[in-house]
Amino acid sequence: MAKKTGKDTINLVIVESPAKAKTIEKFLGEDFLVKSSYGHIRDLEKKDFGIDITNNYEPQYTVSPDKKEVVKELKSLVKKASTVWLASDEDREGEAIAWHLAEVLELNAKNTKRIVFHEITKDAILNAIKNPRAIDQNLVDAQQARRVLDRLVGFELSPILWKKVKPSLSAGRVQSVAVRLIVEREREIFGFNSESFYRVTAVFTIQHEKEKANEVKAELNHRFTTFDEAKAFLESCKNTSFTVEQVVKKPYTKSPAAPFTTSTLQQEAARKLGFSVAQTMSVAQKLYEAGQITYMRTDSVNLSDSAVGMAVKQIKNEMGDNYVKVRHYKTTSKGAQEAHEAIRPAYLNMPTITGNNNEQRLYDLIYKRTLASQMADAKIEKTTVTIKTGSSDKKFIATGEVIQFDGFLRVYIESTDVEKDEEENTGFLPSMKANDHLNLNIMEARERWSQKPPRYSEASLVRKLEELGIGRPSTYAPTISTIQQRGYVLKEDRAGTLRKYRYIVLQNEKVSHSEKSETTGAERSKLFPADIGMVVNDFLVNYFSDVVSYDFTAKVEKEFDSIADGNLVWRKAIDEFYVPFHKQVEETLEKSDRKTGERILGNDPKTGKPVIVRIGRFGPVAQIGDGNDENDKPVYASLNREQHLETITLEEALKLFELPRDLGLYENKKVVVGVGRFGPYVRHDAKYASLKKGVDDPMEITLDRAIELIEEKREKDNKKLFKSFKEEPELLILNGRWGPYISYKGNNYKIPKTQEAAGLTYETTMALVKNNEKQPKASKTKATVEKKAVAKKKTVKKTAAKKK
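About the thresholds
- Residues numbered from 1 in each chain as written.
- Predicted model: local features only at pLDDT ≥ 70, side-chain atom pairs only at ≥ 80, totals over all residues.
- Heavy atoms only, no water.
- Helix = DSSP H or I, 4+ residues; strand = E, 2+ residues; numbered from the N terminus.
- Buried < 20%, exposed > 50% of the residue type's maximum accessible area, 1.4 Å probe, protein only.
- Contact = heavy atoms within 4.5 Å.
- Areas by Shrake-Rupley, 256 points an atom, 1.4 Å probe, with all protein chains shown as cover.
- Lys, Arg positive; Asp, Glu negative; His and termini not counted.
- Charge placed at Lys NZ, Arg CZ, Asp CG, Glu CD.
- Pairing = 2+ DSSP bridges.
- Axes fitted to C-alpha atoms, helices over the stretch in contact; angles between N-to-C directions.
- Phe/Tyr/Trp six-rings, centres within 6.5 Å; stacked < 30°, edge-to-face > 60°.
- pLDDT = per-residue confidence, 0-100.
- Parallel < 35°, antiparallel > 145°, perpendicular 65-115°, else oblique.
- Left-handed = near helix turned anticlockwise from the far one by under 90°.
- Polar contact = N/O pair within 3.5 Å; in protein donor to acceptor, adjacent residues only side chain to side chain.
- Salt bridge = Lys/Arg side-chain N within 4 Å of Asp/Glu carboxyl O.

Trainee: Looking at this model, I keep getting lost on the overall build of the protein chain. Mind explaining?
Mentor: Summing up its helical and strand segments, the protein chain has 19 helices and 30 strands in all. In terms of overall dimensions, the protein chain has a C-alpha envelope of 100 × 85 × 65 Å along the principal axes. Here the protein chain, with 804 residues, has 47% of them falling under the buried criterion. In the protein chain, 70% of the contacts between residues at least 6 apart in sequence involve partners at least 24 apart. Of the roughly 43100 Å² that the protein chain leaves accessible, carbon and sulfur atoms contribute 49%. Put simply, the protein chain has 133 plus and 116 minus side-chain charges, and the middle of one group is 5 Å from the middle of the other.

Structure below.
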């Protein structure tokens, strides 16, 4: 709760969140009252773009309905305040929040002060109070330009997609570019031709006098393209001697990574902790607002002198002087804008914090990365041993590393997105010298394949967007969340497929070969384009190539930077974009054809009718018949989740029409398997059970397996049912994620905290349903009528004033 001063006049501090308010008020005296605006208090109107295009792109702002009471309270407090301190975040969005507060609360510039800080510590807050400034209109204008441009693009493009592709679609400036990256990567994978080769590895032993034998693992420096070549080489090694040709030892140093920026934190949290980008930002926000880390939206890698001093002291205390190396990092990311520090702990003498598990894990990551950035290089000796194979020109290579001084590695090792080969090995090597003889234990040749381009994970997509200069620290998380929410992109795991490979082995001077199996192509938390995302992308690239080009999006970010620096007028920048863009929109509406990703695969052998795949009302479908004959309607079947309009074959499409199929009877009732809007299912007794993704195939599932799924669903439903009533079968009390709730005729109702679910009777439960049905609707209707009446009066007055 905010402090009460007990005085007639107060110092009113306004921040964006209650958690931030709670932390700040601990550092300020009784003369200060800290209140939250709960984020933005107003936004562009939904009607007519929320922008008066004819009036030099004047934004039409309106206070959000859920912020009316907040604004009312803040206005009453402003009247009592001697000084109002606007303490929203120091980035452009924070500056815009401060400006909106000043406008809506009608603050007097004389007693309004803007304060900024990049960490919520006592020193930082008190220093900000001592050094206030005015609202930076350039930063506000840069944020207004972003908001107006995104609104214009979204509101102009979305209706085109409704008419030309599918109803209810939407498009965004940065989101469309992110989808394009994912679509283009998927098409690279579609077009990739994997080539096989044979990789040869061997395990040798070496034994010196009075020492036990040591293993040496090595790989041949040549890859064979055919089975016969690989087999011939192993045959030639049957009676061959293996000797050490040379041993090369090369020392090198490894330096630590820079402290975290928003982008690198999102990437590393995904790799090390398994966090999504949105989850990382949510947890980081809580840590910042609790005063435990510095501001989490930044692309600076700089550390303040005081932070470096704290880090050095901590390293000396924990590890000694020889582990210290002071470093000053410079930002290299394209178009870096935020001039704060890197993300670091607020107090570097605190290795741990109190908080939930995710907060502790993310803090630990930030703490170790920051500390490591000021530590000495690791000193490593790399040994490369070349092993001669008889008279052959092909050599085996063994490598090993010895850490001579661990340096920063004692604290932190950075992860990468590169997927290492499962057979790759760099470890310790026994002592060897030239001409040492080696005994062969086993030599193996395995068939391998060239690797397709990797699909994007959230982390690697963030890195790519940053490389291209698209978006900013504050936009990565919402961009990635939005493209998934709109159904353009799917983030999911996918099971691999079984692949056979040929294997040759030389052991005990005998060569043998066999065929083995392995699972390949398994994906974990990767981003896949949905068919609708691919169709929308193609439409936008075809008709609005400039808007979804990588260069244009990066250029716009630079223009926002110029506006923030005061070097460009935002309305002029918007006008230069909008005039040709709007003309392009009108031409597209008039001249473009409808796009549904339609492909004709061939003809159905039974009916002779064409088999077509396209985007339908509920997603991608296959259909038999073109629909030209009113008396002969097409037959439809939904595509499976892993199938694409671009790659599905006629044979695969025809199989879809075998569904739904009867599996037999269970409890004297039909068991049917099919594919619906939400994926494959088993239906029994008018109830549905979903097939397990990556486990069950609707074309191959058996009756026994279907019965297992039906029983699993029943058990789950029984656990969910808390209570039922004979008087009304549709009235149920169910167990939900947040506790018991009432379900009645497809609607859900809360149970008041004052009442125990176990004690509810039929009469009391029905009463709660009726009260819930009546009260909200009555109050909502009245409120809506009042709001519309007020809005109408304001519109009339505004129009009259403009005309006058």
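What follows continues from the structure just given.
Trainee: Quick question: what am I supposed to make of unusual backbone geometry here?
Mentor: Glycine aside, the phi torsion of most residues is negative, and most peptide linkages are trans. The step from Leu 659 to Pro 660 runs through a cis peptide bond, and the omega angle for that step is -5 degrees. With respect to the element layout, Pro 660 can be found in the loop between helix H17 (650-656) and strand S23 (661-666). Here Phe 49, not a glycine, exhibits a phi torsion of approximately 70 degrees, which is positive. Tracing the chain through its elements places Phe 49 in the loop between strand S3 (42-44) and strand S4 (51-52). Even without being glycine, Asn 668 reaches a positive phi, approximately 65 degrees. By the secondary structure assignment, Asn 668 is in the loop between S23 and strand S24 (669-676).

Trainee: What's the story with the sheet that holds strand S29 (residues 739-744) in this structure? I'm lost.
Mentor: Note on sheets: strands pair through backbone hydrogen bonds, and any given pair is parallel or antiparallel. An order of S27-S28-S29-S30 is seen for the 4 strands of this open sheet, with the pairing classed as antiparallel. At either end of the open sheet lies a strand with only one pairing partner, and these are strand S27 (721-724) and strand S30 (747-749). With strand direction ignored, the average angle separating the axes of adjacent strands in the sheet is 30 degrees. Here 3 bridges tie S27 to strand S28 (residues 731-736), and the two strands are oriented antiparallel to one another. The residue of S28 that forms the bridge with Ser 724 is Leu 732. Helix H18 (residues 703-720) contacts S27, S28 and S29 of the sheet and is inclined by roughly 65 degrees relative to S27.

Trainee: Can you walk me through the packing of aromatic side chains in this structure?
Mentor: Describing an aromatic ring pair means giving the distance of the ring centres and the angle of the ring planes. Applying the stated rule across the entire model yields 19 aromatic pairs. Ring geometry for Phe 49 versus Phe 155: centroids 5.8 Å apart, planes at 90 degrees, classification edge-to-face. With a gap of 106 residues between them, Phe 49 in the loop between S3 and S4 and Phe 155 in helix H5 (residues 137-164) connect regions that are remote in the sequence. On the accessibility criterion, Phe 155 (30% relative accessible area) is partly exposed. Judged by centre distance (5.2 Å) and plane angle (70 degrees), the ring pair of Tyr 288 and Tyr 295 falls under edge-to-face.

Trainee: Would you mind going over the confidence of the model for the protein chain with me for this structure?
Mentor: Caution applies to low-pLDDT regions: their predicted coordinates should not be interpreted in detail. When pLDDT is averaged along the protein chain, the result is 89; 93% of the residues meet or exceed 70. Throughout residues 1-6 the model reports pLDDT below 50, and contacts reaching past four residues in sequence, or to other chains, amount to 18 contacts. Predicted confidence for residues 776-804 stays below pLDDT 50, and this span has 5 contacts to residues more than four positions away or in other chains.

Trainee: Which parts of the structure should I look at to understand the packing of helix H8 (residues 262-273) against helix H9 (residues 277-289)?
Mentor: A pair of packed helices can be characterised by two numbers: the angle between their axes and the separation between those axes. Interhelical geometry of H8 versus H9 gives an angle of 115 degrees and a closest axis separation of 9 Å. In this view, H8 runs roughly perpendicular relative to H9, as classed from their interaxial angle. Seen along the crossing, H8 lies across H9 with a hand that is right-handed. Side by side, H8 and H9 meet where Thr 262, Leu 265, Gln 266 and Ala 269 of the first sit next to Val 277, Thr 280, Met 281 and Ala 284 of the second.

Trainee: It is not clear to me how the environment of Glu 381 should be interpreted in this structure. Could you clarify?
Mentor: Summarising the element assignment, Glu 381 is placed in strand S12 (residues 378-389). Along the primary structure Glu 381 and Gly 400 are separated by 19 residues, whereas in three dimensions their C-alpha atoms are 8.5 Å apart. Residue contacts for Glu 381: discarding those within four places in its chain leaves Lys 249, Lys 250, Pro 251, Gly 400, Glu 401, Val 402 and Gln 404.

Trainee: So what exactly am I meant to see when it comes to the side chain of Asp 89 here?
Mentor: Note on placement: Asp 89 falls in the loop between strand S7 (81-86) and helix H3 (92-104). Exposure remark for Asp 89: the relative accessible area of 6% places this residue in the buried category. Among the polar contacts made by the side chain of Asp 89, one reaches the side chain of Tyr 295 at a distance of 3.2 Å. Those residues in contact with Asp 89 that lie beyond four places of it in its chain are Glu 16, Lys 20, Gly 94, Glu 95, Arg 114, Tyr 288, Tyr 295 and Arg 297.

Trainee: Help me understand the environment of Glu 58, please; the structure alone is not making it clear to me.
Mentor: Position of Glu 58 among the secondary structure elements: in strand S5 (residues 58-59). Under the relative-accessibility criterion, Glu 58 is labelled partly exposed at 29%. Sequence separation of Glu 58 and Asp 565 is 507 residues, and the distance between their C-alpha atoms is 21 Å. If sequence neighbours within four positions are ignored, Glu 58 has contacts with Gly 50, Ile 51, Asp 52 and Arg 571.

Trainee: Hey, could you run me through the pattern of salt bridges in this one?
Mentor: When the charged atoms of two side chains with opposite charge come close together, those side chains can pair. With the rule as written, the count across this model stands at 53 salt bridges. Residues Asp 150 and Arg 173 are paired through a salt bridge, measuring 2.7 Å at the closest nitrogen-oxygen approach. Linking Asp 150 in helix H5 with Arg 173 in helix H6 (residues 173-190), this pair joins segments that are 23 residues apart in sequence. Judged by its relative accessible area of 1%, Arg 173 falls in the buried class. Three or more residues are tied together by salt bridges with common partners; here these are Glu 16, Lys 20, Asp 89, Asp 91 and Arg 297.

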